[in-house]
Amino acid sequence: MPIAKFFKELQRRSIYQVAIAYIVIAWLLAQVAAIIFPTFEAPEWVMKVFIFLLFIGFPIALILAWAQGLKKSESNEEEIDLSPSNKDNEENKTYDPNSLAVLPFKDMSPEKDQEYFSDGMAEEILNLLAGIRELKVIGRTSSFSFKGEKTAIKEIADILKVAHILEGSVRKSGNKIRVTAQLIKAEDSYHIWSQSFDRELTDIFDIQDEIADSIAKKLEKTLVGKDTIQKRQTNIDPKAYELYFKGKYEVYKGIQGMKADKWFKQALEIEPDFALALWGIGVYHFTQIIYGFISPKLGYSEAIPFYNKAIALDPNFEECFSTLALLEFWGGWDWKKGKKLLDKALSINPNHPEVIQTLAFWNYHCGNIDEAVLNIKRAIDLDPLKEFPRLHLITFYYAQRKYRKAIKLNEEFLLMYPHLSEGQRMLAQIYYVMGKFEKSLSHGKQAYELQKGHGWSSLCLALTLIKLKRKEEAIEILDKLIIRGKTQYQSPSILFSIYWHLGSFDLAYIKLNEAFESKDISLAFVRNDPLSDEFQDDPRFMEVMEKINFPSG
């Protein structure tokens, strides 16, 4: 165990406190014995034996404290229920009356080719409702996960833990649009409010506002700060707005939707000062960073101008401020500037799941992992079916060395998202740091196949093979990464770690410095990653960590 980690473990398991307490108590007992033994005329050897027993008791007490600390850390891993639904007492469930989920609107257009538009309408209404601070609005990912499914309203409400459901439909033909919306009380499927709007496409913003206002009134709430919070530009050409909807539709396809920027660019050709389209291009570049297609340093320089212009046009665009904060954290390592941007996002909408998730990352980078756990749980509560907040929670528990809890959540994650490679990769990584290399190998191979040899799955599998004395196979993985790096961005942090474990230290530190220069996101996470414990005593590694200048709180 590295020295740095060893001393952390001493502190975590209260070994210092036990040692000090033992020394004080032993000294007091020795003083009492020095008085009492002569009084009763005890032989001299009795005092010597007593002192000897106190002496040998010291290491025994420390060993017991170490073992108890391990047992306590495991037993204190409280059971948590983050499952989307709980079958117990299903009939007696009650939820916050000020809670709501907006389902994707159905495309009722003649050609059934307007799904992007009906999705966009529903999401913009969701965003408006999210501006009501007293109202709990479930995030888009969770609400839209029921698209195309014949799930009963009551069941959806139980899964998302809400009292109300908003559903609707959109029929678009040329410049004509018909929007129908219904607000349903989930408990008894009672329609609290229902209305249809037959308008011109130019009235799209008025329709969104009217629906949000009607729901606010029916729930006896007012749209707090309606003219500022969540209010978007309304003087936008409808054609540009429709192109923006097409771009957003592509964005939500994830890695398969990497053509989103073309729609945003077309929207900007019509409306150069369209904040949402500017934000969309920023998101496109940010996604390129996250998927590892470009270096964070390059993505940062390409995305920042679009985000800055977007918030200049819309100074209450909380998601824009939140993502900008992440770019400053990961692409600029300007923690102070990033925190100011995050604070701005929180002041606009403290209940937005993306904003709360960014706050959790800030906590993590500060080393306040307990706070990170609390905030990522808040983000999950607001978007319970979204994958990545759940994955981040597993990562935070892993960073806390709560491996049993991390494994339990990871297994649940794999049941929910069996197609996602990150679940297999994370489980392989947990088993690796636990020293269970055969299990790590099994999950690592699955992650590697799902990711087609890309990203962190390569690292975990290579390190496990090295531990299992199968260096030739690890070197094959390394060679493939090097070849791939000739045509696309390859995280230098991954190469650093593999070289280091192979014993090629000079090559390793060349890659480490490349990682620093390219602002590799991975370096922002190594501070609390058990995988990096082996490097903590290496002065060259610590020198780079110091240059990152992590925040303290």
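In the block above lies the structure referred to throughout.
Description of the structure in this document. All chains use their own residue numbering, which begins from 1 and follows the written sequence. It should be noted that, the model being predicted, local features are given only for residues of pLDDT at least 70 and side-chain atom pairs only at 80 or more, the latter also being counted only at that level, while totals for whole chains, interfaces and linings use all residues. The side-chain figures draw on all heavy atoms in the structure; neither hydrogens nor water molecules are used.

Moving on, we come to the overall build of the protein chain. Counting its regular elements, the protein chain contains 25 helices and 6 strands. Per-residue burial over the protein chain gives 54% buried out of 553 residues. Partitioning the intrachain contacts of the protein chain with sequence separation of at least 6 by distance along the chain shows that 65% fall at a separation of at least 24. Accessibility throughout is a Shrake-Rupley quantity obtained with a 1.4 Å probe, and a residue counts as covered only by protein chains that appear here. Counting every atom, the protein chain has about 26,000 Å² of accessible surface; 56% of that belongs to carbon and sulfur. Secondary structure follows DSSP: runs of H or I at least 4 residues long count as helices, runs of E at least 2 residues long count as strands, and numbering of each begins at the N terminus. Type-normalised accessible area, obtained with a 1.4 Å probe on protein chains alone, sets the label of each residue: buried when under 20%, exposed when over 50%, and partly exposed for intermediate values. Residues are treated as being in contact if the distance between any of their heavy atoms lies within 4.5 Å.

Despite not being glycine, K161 shows a phi value in the positive range, around 60°. The class for K161 is partly exposed, based on a relative accessible area of 31%. Of note, W333 is a non-glycine position whose phi angle comes to about 50°, a positive value. Classification of W333 as buried rests on a relative accessible area of 9%.

Only the six-membered ring of Trp is used, alongside the rings of Phe and Tyr, when aromatic pairs are assigned; centres must lie within 6.5 Å, and planes under 30 degrees apart are stacked while those over 60 apart are edge-to-face, with the rest tilted. Counted according to the given criterion, the structure contains 30 aromatic pairs. Centroid distance F361 to F396: 6.4 Å. Interplanar angle 85°. Geometry classified as edge-to-face. Of this pair, F361 sits in helix α14 (residues 353-366) while F396 sits in helix α16 (residues 387-399), and the two are 35 residues apart along the sequence. Ring plane angle 10° and centroid distance 6.1 Å describe the contact between F496 and F541, whose orientation is recorded as stacked. Taken together, the positions of F496 in helix α22 (residues 492-502) and F541 in helix α25 (residues 539-548) put the pair 45 residues apart, joining distant regions of the chain. Ring pairs connect the aromatic residues Y116, F117, F205, Y241, Y244, F245, F264 and F274, which therefore count as one cluster. One residue, K519, lies across the ring of F516, its end atom 5.8 Å from the ring centre. Any Lys NZ or Arg CZ found within 6 Å of a ring centre and within 35 degrees of that ring's normal is scored as a charge over the ring. Looking at K547, its charged tip hangs above the ring of F516, at a distance of 4.5 Å from the centre.

A word on a nonpolar patch on the surface. By definition, no residue in a patch forms a salt bridge, and every one has over 30% relative accessible area; like charges are joined within 9 Å, nonpolar side chains (Val, Leu, Ile, Met, Phe, Trp, Tyr) within 5 Å. In what follows, salt bridge is the name for a side-chain nitrogen of Lys or Arg lying within 4 Å of a carboxyl oxygen of Asp or Glu. A surface patch of nonpolar side chains, amounting to about 430 Å² of accessible area, comprises F52, L53, F55 and I56. With respect to the helices and strands, the residue I56 is situated in helix α3 (residues 44-75).

Glancing now at the pairing of strand β6 (residues 190-200). One bridge is not enough; two strands pair if DSSP finds at least two bridges between them. In the sheet, strand β5 (residues 176-185) pairs with β6 via 10 bridges, with the strands oriented antiparallel. By the bridge assignment, V179 is partnered in β6 with F197.

With respect to the helices and strands, S458 occurs in helix α20 (residues 456-467). Given a relative accessible area of 0%, S458 falls into the buried group. Look past the residues within four positions of S458 in its chain and what remains in contact with it is Y448, G453, I477 and L481.

Time to look at the packing of helix α12 (residues 318-332) against α14. Interaxial angle, 0 to 180 degrees, is taken between N-to-C directions of lines fitted to C-alpha atoms, where a helix line uses only the stretch in contact. Orientation of α12 relative to α14, taken along the N-to-C sense of each, is 25°, at an axis distance of 9 Å. The pairing of α12 with α14 is recorded here as roughly parallel in orientation. Crossing geometry of α12 relative to α14 is assigned as left-handed. Contacts from E318, E319, S322, A325, L326, F329 and W330 of α12 reach α14 at E354, V355, T358, F361, W362 and H365. Under the grouping applied here, Gly and all other residues not named as nonpolar or charged are polar, the nonpolar ones being Ala, Val, Leu, Ile, Met, Phe, Trp, Tyr, Cys and Pro and the charged ones Asp, Glu, Lys and Arg. Broken down by class, the residue content of the contact of α12 with α14 amounts to 7 nonpolar, 3 polar and 3 charged. Any angle that is under 35 degrees is reported as roughly parallel, and any over 145 degrees as roughly antiparallel; angles of 65 to 115 degrees are reported as roughly perpendicular and all others as oblique. Put simply, a crossing is left-handed when the front helix is turned counterclockwise from the back one by less than a right angle, and right-handed when it is turned clockwise.

What is shown is where atoms sit, not what they do.
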